[in-house]
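Structural overview
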Amino acid sequence: MHASATTEAAGRHELPPLPYAIDALDPLISARTLGFHYGKHHGGYVDTLNTLIADTPLAQLSLEDLVLETSGKPGQVKIFNNAAQAWNHTFYWRSLRPQGGGEPPAALRQRMTTSFGSWEACRKQLSITATSQFGSGWAWLVLDGDELRVTSTTGAGTPLTDRLTPLLTIDVWEHAYYLDHQNRRADYVSAVLEKLVDWDFAADNLAQALTSRHRAQLPSGS
Ligand code: MN
């Protein structure tokens, strides 16, 4: 899916470049936070993953397949955690942009209205879910069948393993906001949702999911 760019043929996973400059989200998410979060945390997950899977059959899998393959297997918890965190972080960077926020594009807004009553209600649900997630985890906007849903995961958890289509995510591990906002997670979440969130990314993911589903339903030969 969207993070396939993080995977390459040689069996080693690469840390994908940040989609913007390290100080592009400053001061809401500072260059210092991104330096640690992207460089040390995300980079660390990728490096650890490569070490764990080196010279094993798992090294042949794409990052997404690796997440699905190791999910729920007691002997592979470490691999799952690092693979899922590598995937989640790439998805998170793309869920943000400088001068983000504002109103979602029409097609996404419409679906938010159908599922939540209004697009603002959907954003509010994301805000509540992100703020109230207990401990380290993630808040997600996902496509579930024809419905949009807001959900959260704990630790390295990802909606991929529930066969849901992620559209957008907010990292609510303390390392995402502590240097800039200390314990005030709600300030970080509202900064993200009002000023940094990239609704176009979510809308693109939605369109892509609907298109591939439509293609899968076409009779063969057409
Ligand atoms: Mn993180």
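This one's a predicted model, so the numbers in the text were calculated from it and none came from an experiment.

Notes on the sheet that holds strand β2 (residues 147-154)
Judged by pairing direction, the sheet is antiparallel, and its three strands sit side by side in the order β2-β1-β3 without closing on themselves. Pairing within the sheet leaves two strands with one partner each, and these edge strands are β2 and β3 (165-171). The mean angle between the axes of side-by-side strands here comes to 25 degrees, regardless of whether they run parallel or antiparallel. In this fold helix α8 (residues 199-217) packs onto β1 (137-144), β2 and β3, with an angle of close to 160 degrees to the strand it touches most, β3.

With respect to the coordination of the manganese ion
The protein atoms that coordinate the manganese ion are His37 (NE2), His89 (NE2), Asp171 (OD) and His175 (NE2), at distances of 1.9 to 2.1 Å. Look at where the donors of the manganese ion fall in the sequence and you get H-x51-H-x81-D-x3-H. Pair check on accessibility: Asp171 and His175 agree, each one buried.

Notes on the nonpolar core
Grouped together as the largest cluster of nonpolar side chains are 59 residues, with contacts concentrated most on Ile29, Leu141, Tyr188 and Trp199. If one sorts the elements of this core by residue count, helix α3 (residues 77-95) sits on top with nine residues. Here this core gathers at least three residues from each of two domains, domain 1 (13-94) and domain 2 (106-217).

Here we look at the pairing of β1
Counting buried positions along β1 yields seven of eight residues, so the element is predominantly enclosed. Bridging between β1 and β2 involves eight bridges; their strand directions are antiparallel. Bridge pairing in β2 links Leu143 to Leu148. What sits between the antiparallel neighbours β1 and β2 is a turn of two residues, in which Gly145 has the positive phi angle 65 degrees. Relative to β3, β1 is paired through six bridges, and the arrangement is antiparallel. Pairing of Trp138 across the sheet is with Asp171, part of β3.

The rules behind each value
- Residues numbered from 1 in each chain as written.
- Predicted model: local features only at pLDDT ≥ 70, side-chain atom pairs only at ≥ 80, totals over all residues.
- Heavy atoms only, no water.
- Pairing = 2+ DSSP bridges.
- Helix = DSSP H or I, 4+ residues; strand = E, 2+ residues; numbered from the N terminus.
- Axes fitted to C-alpha atoms, helices over the stretch in contact; angles between N-to-C directions.
- Contact = heavy atoms within 4.5 Å.
- Donors = N, O, S within 2.8 Å, 3.2 Å for Na, K, Ca; no water.
- Buried < 20%, exposed > 50% of the residue type's maximum accessible area, 1.4 Å probe, protein only.
- Core = buried A, V, L, I, M, F, W, Y, C linked by side-chain atoms within 4.5 Å.
- Domains from an automatic or database assignment.

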